[in-house]
Amino acid sequence: MIKTSSSCRICGNGELTEITYLCDSPPANNFDQTFKTQRSHQSFPLILDFCQDCFNLQLRHCLGEDLLYSNYSYITPKSDSLTHHYGDLLEYAQKNINNFNNADVVEIGSNNGDLLNYLKPHVSSVLGVDPASNVAKIANEIGVETLNEFFGNKLATKISSKKSNIQLVMARHMFAHNSDPSDMLSGMKKIINDDGLIFIENAYAIDTLIHGEFDQIYHEHMFFYSVKSMLSLLSIHGLFLHDITFSNVHGGSIVFIASAKDIGKTERLKQQIHLEDSLFADRKIFKIFLNKIQEIKSFVLDEINQAKKNNLIIGSYGAPAKAFTMFSLLGLDSTTISFCVDTTPTKIGKIFPISNIPIISEDQLKEKNYDVLLVNAWNYKKDILDKASNIFKKGTKLIFPLPQPESIEI
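Here is a short report on the structure shown in this document.

Here is what the cut-offs are and how they apply
- Residue numbers run consecutively from 1 along every chain, following the written order of its sequence.
- Residues qualify for local features only when their pLDDT is at least 70, as the model is predicted, and side-chain atom pairs are given and counted only at 80 or more; totals for whole chains, interfaces and linings, by contrast, use all residues.
- Just so you know, side-chain values use all the structure's heavy atoms and leave hydrogens and water out.
- Here's how the labels work: a residue is buried when its accessible area is under 20% of the maximum for its type, exposed when over 50%, partly exposed in between, all with a 1.4 Å probe on protein chains only.
- Secondary structure counts use DSSP, requiring at least four H or I residues in a row for a helix and at least two E residues in a row for a strand, with both numbered from the N terminus.
- The rule for pairing is simple: two strands pair if DSSP sees at least two bridges between them.
- Each reported salt bridge corresponds to a side-chain nitrogen of Lys or Arg within 4 Å of a carboxyl oxygen of Asp or Glu.
- Here a cavity is any set of points on a 1 Å grid over the protein atoms alone where a 1.4 Å probe fits but cannot get out, and a pocket is any open set with protein on both sides within 12 Å along at least 5 of 7 lines; a residue lines the site when it has an atom within 4 Å of a point.
- Grid points are joined across faces, edges and corners, and a volume is the space filled by probe spheres set on the points.
- When residues are grouped by polarity, Ala, Val, Leu, Ile, Met, Phe, Trp, Tyr, Cys and Pro land in nonpolar, Asp, Glu, Lys and Arg in charged, and all others, Gly among them, in polar.

1. A look at the pairing of strand β3 (residues 44-50)
Here is step 1: Where burial is concerned, most of β3 is hidden: 7 out of the 7 residues are buried.
Here is step 2: Examined bridge by bridge, strand β2 (residues 17-25) and β3 share 7 bridges and lie antiparallel to one another. Bridging across to β3, Glu 18 finds its partner in Asp 49.
Here is step 3: Pairing analysis gives 3 bridges linking β3 to strand β4 (residues 57-59), with the strands arranged antiparallel. Residue pairing for β4: Phe 50 is matched across the bridge by Leu 57.

So this is what it looks like as structure tokens:
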């Protein structure tokens, strides 16, 4: 199922501005089991629209759950940067929520339970909610209670009957994955205590645009939230944006910190609103975005074409959702990219749809001949470079398309 929206899904404004028709791409994180001689998946448009009334950025075409999650393979990765980020979230909660050690914590879209497992020793109880049965099973097996359901008003009633002291509700990198956030926000408001907080973490629209992170645009990401648009959305549902924090996760993420009662705006939040006002003026930020896309596209294709001219073997590193957009926009397939390396067990051995690029493990990479690797998982650049000498052969050229396009020889 696919829904096409000609009006804003936050405020209902019927006059939207098209920012870019990026490309057509198959649904991210949906891989083939084997090589296909014919197209096994459809591609769908990635068109980004803007609402001048509430500053919402949204995909015009939203795919249904059957297309997005029928064969879902994303597992929260293990990385030092993520563990550090979990520590920052814990520290903020401990400083800003009274008696946090007695709190019940609920995470929506909790995946394999890594964050809740990290928080578990510091709070009264944790509860995860995730619609993907395979990852919910992993979480339950490590002792993180996880409901294998979609979160909304109905489930919130069930949760609030069992948990009486919910002081923190988190939604990390999944809030934009729902074409209608109203039911989710109503559920959050129902379960959170008056003195509790809501953490909504997403890739930050401003970072995405300024850095030209076009590969953050894929069908799971139906919205691209800024402070301005989140203010509008929360106010419609009787919630209040109180503060924001930032991290480098996923190439530049923001944590929106909301509450059920108005406890005011921090100075940091007020300053960010002022900054966004200047960037949205005359749509300056969209001009920056489109120019950056061309810069990145030219750099990567020049590097790849030069490698092909020299008869070098090209692979890629990382099979995240953003790789689907990267391959689609650049027109790359198995005739150019021989393989893709990943560390996620649910992805290894599978094939990118349409492009037919096979996914191999780091152990299998040791048996491969290769010269150049396009790094799709560029948001883990530091982690990758820290272990590069152990996993890549000497002389390998790594192409990082973002956050600044560059090539690094190992």
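2. Comments concerning the pattern of salt bridges
Here is step 1: Enumeration over the complete set of coordinates arrives at 13 salt bridges.
Here is step 2: Arg 60 is the salt-bridge partner of Glu 18, the closest N and O atoms lying 2.9 Å from each other. Of this pair, Glu 18 sits in strand β2 while Arg 60 sits in the loop between β4 and β5 (61-63), and the two are 42 residues apart along the sequence.
Here is step 3: Looking at Glu 18, the relative accessible area reads 42%, which means it is partly exposed.
Here is step 4: Residue Lys 381 is joined to Glu 406 by a salt bridge in which the shortest nitrogen-to-oxygen separation is 2.2 Å. Pair noted here: Lys 381 is in helix α13 (residues 381-391) and Glu 406 is in strand β18 (residues 406-409), with a separation of 25 residues, a long-range link.
Here is step 5: Looking at Lys 381, the relative accessible area reads 18%, which means it is buried.
Here is step 6: Residues joined in a network through salt bridges with shared partners are Glu 18, Asp 49 and Arg 60.

3. Describing the layout of surface pockets
Here is step 1: Counted as a void, the second largest pocket has a volume near 440 Å³.
Here is step 2: Of all the elements in the fold, those that place two or more residues in the lining of the second largest pocket are α2 (80-96) and α13.
Here is step 3: The element contributing the most residues to the lining of the second largest pocket is α2, with 6 residues.
Here is step 4: When the residues that make up the lining of the second largest pocket are grouped by side-chain class, the tally is 5 nonpolar, 10 polar and 5 charged.

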